Amino acid sequence: MNTVSTSAPEAHAAILAFMTRRGIPAKDLRSDGRLTLTFDQKYRVHLHSASHKRVALTAQLLSLGGRYYDAVTDEVLERLTGLSAGLLQQHASSLCLDERAKSLLLQQTLPADASAETVEAALADFVNVLPFWASACAHEARLMLS
């Protein structure tokens, strides 16, 4: 059996197991333990370690640079948060703000003991809802710029 190994201490065991299961080469893992995958040639999803030894799936939806503390941005985030609340019954992912990067993310966290199968199933659901969020955020970005 071919296994992925890395010296990066941040690489989560579930991410490594997922990579092995999917045949993703070790060279695709970044030095910080993050794995970035691209879907449909436009959606970038990051798999990385999160607090409390969990796994996080994240994708940037909307850059808020230069508009982070703007009243229009607050209105946009309020509308998107309303959409997010409605989707929580169907999808485990949710919106979050990355204050350091000044961006809105879609994020889902998995338990510390997640298996490769758990990562794969969560990733499938995450990628299925990602186009909806990308479209909704693109619409809101146009409103922010007008």
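The structure presented is a predicted model; accordingly, all values stated were derived computationally and were not measured. (Residues numbered from 1 in each chain as written. Predicted model: local features only at pLDDT ≥ 70, side-chain atom pairs only at ≥ 80, totals over all residues. Heavy atoms only, no water.)

## Describing the overall build of the chain
- Secondary structure assignment for the chain yields three helices and five strands.
- Taken against the 2.2 N^0.38 rule, which gives 15 Å for 146 residues, the C-alpha radius of gyration of the chain at 16 Å falls within 12% of a compact globule.
- For the C-alpha atoms alone, the extent of the chain along its principal axes is close to 55 × 30 × 30 Å.
- The burial tally for the chain puts 40% of its 146 residues in the buried class.
- A fraction of 55% describes how many contacts in the chain between residues 6 or more apart in sequence connect residues 24 or more apart.
- Within the structure as shown, the chain displays about 8400 Å² of accessible surface, and the carbon and sulfur contribution to it stands at 50%.
- Computed over 14 positive and 15 negative side-chain charges, the inter-centroid distance for the chain is 6 Å. (Helix = DSSP H or I, 4+ residues; strand = E, 2+ residues; numbered from the N terminus. Rg over C-alpha atoms; globule rule 2.2 N^0.38 Å. Buried < 20%, exposed > 50% of the residue type's maximum accessible area, 1.4 Å probe, protein only. Contact = heavy atoms within 4.5 Å. Areas by Shrake-Rupley, 256 points an atom, 1.4 Å probe, with all protein chains shown as cover. Lys, Arg positive; Asp, Glu negative; His and termini not counted. Charge placed at Lys NZ, Arg CZ, Asp CG, Glu CD.)

## Section: the environment of Ala26
- You can see Ala26 is positioned in the loop between α1 (13-22) and β1 (35-39).
- Sequence-wise, Ala26 and Pro111 are 85 residues apart; in three dimensions their C-alpha atoms are separated by 23 Å.

Purely geometric stuff here, so don't read any function into it on its own.
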